[in-house]
Amino acid sequence: MSEQLTYDPAYDVVDPKDFRRMFEVERYNRRSDAFDTIISATHEHFWDPTDRRYLDFSEPFDLTRDSIMPMQRLAEFRSPLVQALSKEDQTRLANEVMRWQLSSILHGEQGALSLSAGLCSLLHDVGAQEYAANQAREEARHVTGFAMYVESRWGTAFPIGETLGDLLEELVHTDVVWKKVVGMQMLLEGLAMGTFANIHAHTNDPVLKRLVQLVMTDEAFHHRFGKIWADRTMPALSQAERHSIEDWAAECFESLLFNLVNIRQKRAVYGQFGIDWKELRDSIREVYDESDRRGELKEGTNIFRVLVRTLVKAGIVTKRTRGLYANWVDMAELEAEGDEMVGDAIARDGIDYLLAINSGRRDIAAKTAA
Ligand SMILES: [Fe+2]
Ligand SMILES: [Fe+2]
């Protein structure tokens, strides 16, 4: 269990097969209050993907005419092979690329649900369990929300890509809490916040725009759980322990990046247009190299900003791995920024939207009771 690196009793761990330890009488009185503000905030951002008052998946979007994301934001459109397609096929391909991205997000939400449910039988502290159960409940509505969206637009999702599937499987199966927290709450949740902020800023589909905003009202809190863990753990670690966390974080970052930008991972998309993924990859490389891609990712709504900044502030990025992140994020700019996170403002507006709907619900409940 030494691999656990537990320095705060809130993160105490039991062997998940040793269920009897959950009945230890003393633990009920030792509940940590570290997560209480996050747990009680859940009622302010309650939403229900199956309730049309929050969002309506039956609102149509013509996939044959419009692209969900502007084509110039998709790397594939740099390729002459894609540019040679008919207008109709270009629109269809742009939407299939988004189907792949949203399928990855759906699988990622399932990973987050299974991971947080697993934390409930691994963590020993009652307050930490309540946090994890609450996150599991919120991830469950994200699975429902994205499943409903994908179904409304395409019928079914794409199968998971190998890289993301392997990473999620590793995160769900490991009993090492810090790997779960760094891999999921800091990296995956951080990347998700950046991706959702990017979709929110540019999508042409109002239903998707609303969906990602509502998901962000939850995710902003999940990301905070990672920060609490880091604040309470990182300063207590030995150098060797800090290095193992830093290296693990860098490894996860590379897997996520690979899943995101790698054409091979998306090969299921291109076959239906008669495009070979290797030829597509080579043709994009000819006109658009890694440095162009990095330059683009550094601009605007940078999808890596949230996660890299959290890692930097937590002391998980030192000069040992700084160079890896500097390829994708402007580190000097990032370090000079205040505490506002990409996506925080969108999540706050989302909470205002939810407060208005939820106060109406309470009126209805009071009338029904009366
Ligand atoms: Fe989620
Ligand atoms: Fe989450």
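Reference entry: report on the structure contained in this document. Note that the structure is predicted; figures quoted are calculated from it, not measured. (Residues numbered from 1 in each chain as written. Chains lettered and ligands numbered in written order. Predicted model: local features only at pLDDT ≥ 70, side-chain atom pairs only at ≥ 80, totals over all residues. Heavy atoms only, no water.)

### A few points about the overall build of the protein chain
Note the following rule: Secondary structure follows DSSP: runs of H or I at least 4 residues long count as helices, runs of E at least 2 residues long count as strands, and numbering of each begins at the N terminus. Note that the radius of gyration is over C-alpha atoms, with the globule rule given as 2.2 Å times the number of residues to the power 0.38. Three labels apply to residues, based on accessible area from a 1.4 Å probe with only protein chains included: buried if under 20% of the type maximum, exposed if over 50%, partly exposed otherwise in between. Contact between two residues is taken to exist if any of their heavy atoms lie within 4.5 Å; hydrogens are not considered. Computed with the Shrake-Rupley method and a 1.4 Å probe, the accessible areas treat only the protein chains shown as cover for residues.
Within the protein chain one finds 15 helices and zero strands. Computed over its C-alpha atoms, the radius of gyration of the protein chain comes to 21 Å, within 12% of the 21 Å expected for a compact globule of 370 residues. In terms of overall dimensions, the protein chain has a C-alpha envelope of 70 × 65 × 40 Å along the principal axes. In the protein chain, which comprises 370 residues, the proportion classed as buried is 53%. Across the protein chain, the fraction of contacts at a sequence separation of at least 24, relative to all contacts at a separation of at least 6, is 81%. Summed over all atoms, the accessible surface of the protein chain reaches about 16,600 Å², with 51% contributed by carbon and sulfur.

### Quick word on the coordination of the iron ion (ligand 2)
To be explicit about the condition: Here a donor is an N, O or S atom found within 2.8 Å of the metal, or within 3.2 Å if the metal is Na, K or Ca; sites may look incomplete because water is not among the atoms.
The protein atoms donating to the iron ion (ligand 2) are Glu139 (OE), Glu189 (OE), Glu189 (OE), Glu219 (OE) and His222 (ND1), with metal-donor distances spanning 1.9 to 2.4 Å. Expressed as a motif, the donor residue spacing for the iron ion (ligand 2) is E-x49-E-x29-E-x2-H. Separating the iron ion (ligand 2) and the iron ion (ligand 1) is a distance of 3.2 Å, and Glu139 donates to both of them. Linking Glu219 with His222, this pair stays in helix α7 (residues 206-233), spanning three residues, or about one helical turn. Grouping residues by exposure puts Glu219 and His222 together as buried.

### Re the packing of aromatic side chains
For the record, the criterion: Here the aromatic set is Phe, Tyr and Trp, taking the six-membered ring for Trp, and pairing holds for ring centres within 6.5 Å; pairs whose planes are under 30 degrees apart are stacked, those over 60 apart are edge-to-face, and all others are tilted.
Evaluated as defined, the whole model comprises 13 aromatic pairs. Consider the rings of Phe35 and Phe225, whose centres lie 5.2 Å apart with planes at 45 degrees: the pair is tilted. Here Phe35, found in the segment before α1 (36-41), pairs with Phe225, found in helix α7; they are 190 residues apart in sequence, far enough to count as distant. Across the pair, exposure class does not vary: Phe35 and Phe225 are buried alike. Ring centres 6.2 Å apart and planes at 65 degrees place the aromatic pair Phe304 and Trp328 in the edge-to-face group. In this pair, Phe304 is assigned in the loop between α11 (290-298) and α12 (305-313) and Trp328 in the loop between α13 (322-326) and α14 (331-336), connecting sequence segments 24 residues apart.

### Side note on the environment of Tyr288
In this fold, Tyr288 is placed in the loop between α10 (277-287) and α11. The sequence separation of Tyr288 and Gln265 amounts to 23 residues, and the corresponding C-alpha distance is 19 Å.

### Some remarks on the nonpolar core
The condition that has to hold: In this text, buried Ala, Val, Leu, Ile, Met, Phe, Trp, Tyr and Cys residues form a nonpolar core when linked through side-chain atoms within 4.5 Å.
In this structure, Phe35, Val182, Trp229, Phe304 and Ile316 are the most contacted members of the largest nonpolar core, which totals 60 residues. Per element, the largest residue contribution to this core is nine residues, and it comes from helix α6 (residues 177-202). Not counting chain neighbours up to four residues away, the residues in contact with Val182 comprise Leu187, Trp229, Ile245, Trp248, Ala249 and Ile316. Core analysis: the next-biggest nonpolar cluster, separate from the first, contains 56 residues, Leu63, Trp154, Phe273 and Trp277 among them.

### Remarks on the coordination of the iron ion (ligand 1)
For clarity, the threshold we go by: Only four donors with every angle between 85 and 135 degrees are called tetrahedral; only four or six donors with opposite donors over 155 degrees apart and all others between 65 and 115 are called square planar or octahedral, in that order; all others are irregular.
Coordination sphere of the iron ion (ligand 1), protein contribution only: Glu109 (OE), Glu139 (OE), His142 (ND1) and Glu219 (OE), at 1.9 to 2.2 Å. Given four donor atoms and angles of 92 to 141 degrees at the metal, the environment of the iron ion (ligand 1) is assigned as irregular. When the donors of the iron ion (ligand 1) are listed by position in the chain, the intervening gaps give E-x29-E-x2-H-x76-E. Classification of Glu109 by relative accessible area gives buried; the value is 4%.

### Some thoughts on empty space enclosed by the protein
Stated precisely, the cut-off is as follows: Only protein atoms enter the 1 Å grid used here, on which a cavity is any set of points holding a 1.4 Å probe that cannot leave and a pocket is any open set flanked by protein within 12 Å on both sides along at least five of seven lines; residues with an atom within 4 Å of a point are listed as lining. Grid points are joined across faces, edges and corners, and a volume is the space filled by probe spheres set on the points. As a working rule, the residues Ala, Val, Leu, Ile, Met, Phe, Trp, Tyr, Cys and Pro are called nonpolar, Asp, Glu, Lys and Arg charged, and the rest polar, with Gly in that last group.
Scanning all chains against the criterion turns up one cavity of 30 Å³ or more. Counted as a void, the largest cavity has a volume near 40 Å³. Lining of the largest cavity is provided by Gln4, Leu5, Thr6, Tyr7, Tyr11, Val177, Trp178, Trp229 and Thr233. Residue assignment for the lining of the largest cavity shows that the elements contributing at least two residues are α6 and α7. Along the lines of polarity and charge, the residues of the lining of the largest cavity split into six nonpolar, three polar and no charged.

### Some words on the environment of Met71
Tracing the backbone shows Met71 in the loop between α1 and α2 (80-83). Residues Met71 and Gln90, 19 residues apart in the sequence, show an inter-C-alpha distance of 8.4 Å. Not counting residues within four places of it along the chain, the set of residues in contact with Met71 comprises Phe77, Gln90, Thr91 and Ala94.

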